[in-house]
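# Architecture and fold: a report
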Amino acid sequence: MRRPTVVLGILGSQMDIGGRNRWDRWRPTVDLCRHDDLIVDRLELIHGNAHTELAEAVTADIAQVSPETRVRLHTLDFADPWAFEEVYAGLLDFVRAYPFRPDDEDYLVHITTGTHVQQICLFLLTESRYLPGRLLQTIPPARRDQGDPGGHAIIDLDLARYAPIAERFAEDARAGESFLKAGIATRNAAFNELIAQIEQVAGVTRAPILLTGPTGAGKTRLARKIFELKQHRHQIRGTFVELNCATLRGDAAMSALFGHVRGAFTGAVRDRAGVLKMADGGLLFLDEIGELGLDEQAMLLRAIEDRVFLPVGSDREVRSEFQLVAGTNRDLRADVVAGRFREDLLARIDLWSFRLPGLRERREDIEPNLDYELERWSQRHGRKASFYGQARTAFLSSPPPPTRCGRATSATSPPPSSAWPRSRPAAGSPCARSRRRSPACAPRGRARRSTPATTCSRACSAANASPRSTPSTASSWPRSYACARPPATCPTPAALCSPPRACASARATTPTA
């Protein structure tokens, strides 16, 4: 059973004018009811008070050409029918009050008549589904003075019905994702899905975006790519401004962020625009935002919410419209609990949050990243760089390198300071020749810093190469050993020694004194 067809349109104050020869003229509102393949059951006709007489005349003419069409007149006055805000607000109020029944009736929105602004507003209301219908465009005949009703076209704004258009949107989305990945054909499904989500969000919002993840995950590069993508789509007009918050302390932090005026503090010999002002109209990337002090966080919160801030030493507010992308490798929620980060600032920058995994967590992406870096090197130096054969296979199949000696497990943590040998390393030992001493050889019973596994391995090997008599107690262990540690307290994991536990083996087989 056919559902009733309802047409909603605006009276054409010029195009629908009648007269003695009105049946010879093309009149869009009257002629849309003259088509054999378009049965209009009801016409909702909007008009102003000044055109009431014309609206009644059009209603009478429609009754002659289409008796089955019922016309209902609605009076809606606009002080200026070309003022977008007024027209949109008036039509929106009308649409909200209208009792639509989309399950029982089919709705068409006639966009041929009315001012261009009114037509645009009808389109927008239909596109946003305030008007639950399709667009109706009536087409004038070749000659408008022969009484021909012309043609008509129904336009459905559901783009899913148009496969070529939908495919083009999908292609644009894929291009955006590839752009954010710098053209690297990553294979990790979770990472590709993450980039797809970021592409969708970055293309429609100017709200803050928070990027988390380990150091080296690519937060800075991704932030720049987000800016370039928005710039390519004409969604941003300013520049990309980057600041590492871990380098800011004291007055320098306030000055770098918000700027200062001359004389604000010692050394402020001229005015300075901070990064917030420099990013006006563009994108501001604050890396390591968790390193900001609480005072800077409070001022940044106001700048994000109100788009205004006070430079250091100034009592005049400065306005800046920027989009914020923040990066951190810290757990900001834990910092909030510990009182190191403001909860209200986290709530403001955490509207869109994405965690970037490092390559250690997606090893299948090492190979495409390797090819990308080799290609970049070749372009930069003008020479072909390659990585072939067994070397490439061995590199891709090797386990991830250890981070720091003594941090692999709790079992390899350094012992208490009382256990450190209190002598300096023997002359000529690897630790004595290196600026970075092994924890085992640190003077005064204190570890200066963790030592790479390679250094510890060399130390153990050196000790094995020149064994001496081994005492029976740890406290009297020979100080001439490069590693100078009893095997039980050596901080180097056995898997990292080369050869494994060389020094420990040598000590174990050396007769005690």
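A brief report on the enclosed structure follows.

Definitions and cut-offs
Residues numbered from 1 in each chain as written. Predicted model: local features only at pLDDT ≥ 70, side-chain atom pairs only at ≥ 80, totals over all residues. Heavy atoms only, no water. Helix = DSSP H or I, 4+ residues; strand = E, 2+ residues; numbered from the N terminus. Buried < 20%, exposed > 50% of the residue type's maximum accessible area, 1.4 Å probe, protein only. Pairing = 2+ DSSP bridges. Axes fitted to C-alpha atoms, helices over the stretch in contact; angles between N-to-C directions. Contact = heavy atoms within 4.5 Å. Phe/Tyr/Trp six-rings, centres within 6.5 Å; stacked < 30°, edge-to-face > 60°. Lys NZ or Arg CZ within 6 Å of the ring centre and 35° of its normal. 1 Å grid on protein atoms, 1.4 Å probe; cavity = no way out; pocket = protein on both sides within 12 Å on 5 of 7 lines; lining within 4 Å. Points joined across faces, edges and corners; volume = space filled by probe spheres on them. Nonpolar A, V, L, I, M, F, W, Y, C, P; charged D, E, K, R; others polar. Polar contact = N/O pair within 3.5 Å; in protein donor to acceptor, adjacent residues only side chain to side chain.

Time to look at unusual backbone geometry. The backbone of Arg129 sits at a positive phi, close to 70°, despite the residue not being glycine. Mapped onto the secondary structure, Arg129 falls in the loop between α4 (116-127) and β5 (134-139). Residue classification places Arg129 among the exposed residues on the basis of a relative accessible area of 54%. Phi at His234 is positive, roughly 60°, even though this residue is not glycine. Assignment of secondary structure puts His234 in the loop between α7 (219-232) and β8 (240-244).

Let's shift gears to the sheet that holds strand β9 (residues 283-287). Ordered by their spatial adjacency, five strands build an open sheet running β8-β9-β12-β7-β13, and the pairing between neighbours is parallel. Looking at the sheet topology across the chains shown, the edges are occupied by β8 and β13 (352-355). For this sheet, the mean angle separating the axes of adjacent strands, direction not counted, is 15°. Note: strand β7 (residues 209-212) against strand β12 (residues 323-328), four bridges, orientation parallel. What sits directly across from Leu211, in β12, is Gly327. Contacting β7 and β13, helix α6 (residues 189-202) runs over the sheet at an angle of about 155° to β13. Set on the sheet, α7 makes contact with β7, β8, β9 and β12; between it and β9 the angle comes to about 175°.

Now for the packing of aromatic side chains. This structure, assessed with the given rule, holds six aromatic pairs. On the numbers, 6.1 Å between centres and 40° between planes, the contact of Phe94 with Tyr98 is tilted. Taken together, a centroid distance of 5.7 Å and an interplanar angle of 45° make the contact between Phe227 and Phe240 tilted. Remark: Phe240 occurs in strand β8 and Phe227 occurs in helix α7; sequence separation between them is 13 residues. Phe240 gets classed as buried once you look at its relative accessible area, which sits at 14%. Within the aromatic cluster, the residues linked to one another by ring pairs are Phe94, Tyr98, Phe100 and Tyr107. Across from the ring centre of Trp23, 5.2 Å away, lies the NZ or CZ of Arg27, which sits over that ring. It is Arg362 that lies over the ring of Phe191; its NZ or CZ is 3.8 Å from the centre.

This part takes up the layout of surface pockets. Here the largest pocket is characterised by a volume of approximately 680 Å³. Forming the boundary of the largest pocket are 30 residues, of which Gly216, Ala217, Leu359, Arg362 and Asn369 lie nearest the centre. For the lining of the largest pocket, the elements supplying multiple residues, two or more each, are α6, α7, α13 (366-381) and α14 (389-397). Sorting elements by how many residues they give to the lining of the largest pocket places α13 first, with four residues. Taken together, the residues of the lining of the largest pocket break down into 17 nonpolar, seven polar and six charged. In this structure, the second largest pocket occupies an estimated 360 Å³ of space. Lining the second largest pocket are 20 residues, with Ile10, Leu11, Ser13, His51 and Gln118 positioned closest to its centre. Those elements giving two or more residues to the lining of the second largest pocket turn out to be β2 (42-47) and α4. Looking at side-chain class alone, the lining of the second largest pocket contains eight nonpolar, 11 polar and one charged residues.

As a further point, take the side chain of Glu44. One can find Glu44 in strand β2. With a relative accessible area of 0%, Glu44 lands in the buried category. A distance of 2.6 Å separates polar atoms of two side chains, one belonging to Glu44 and the other to Arg42. Side-chain polar atoms of Glu44 contact the side chain of Arg72, separated by 2.9 Å. Beyond its immediate stretch of four places on either side in the chain, Glu44 contacts Val6, Val7, Leu8, Gly9, Arg72, His74 and Tyr98.

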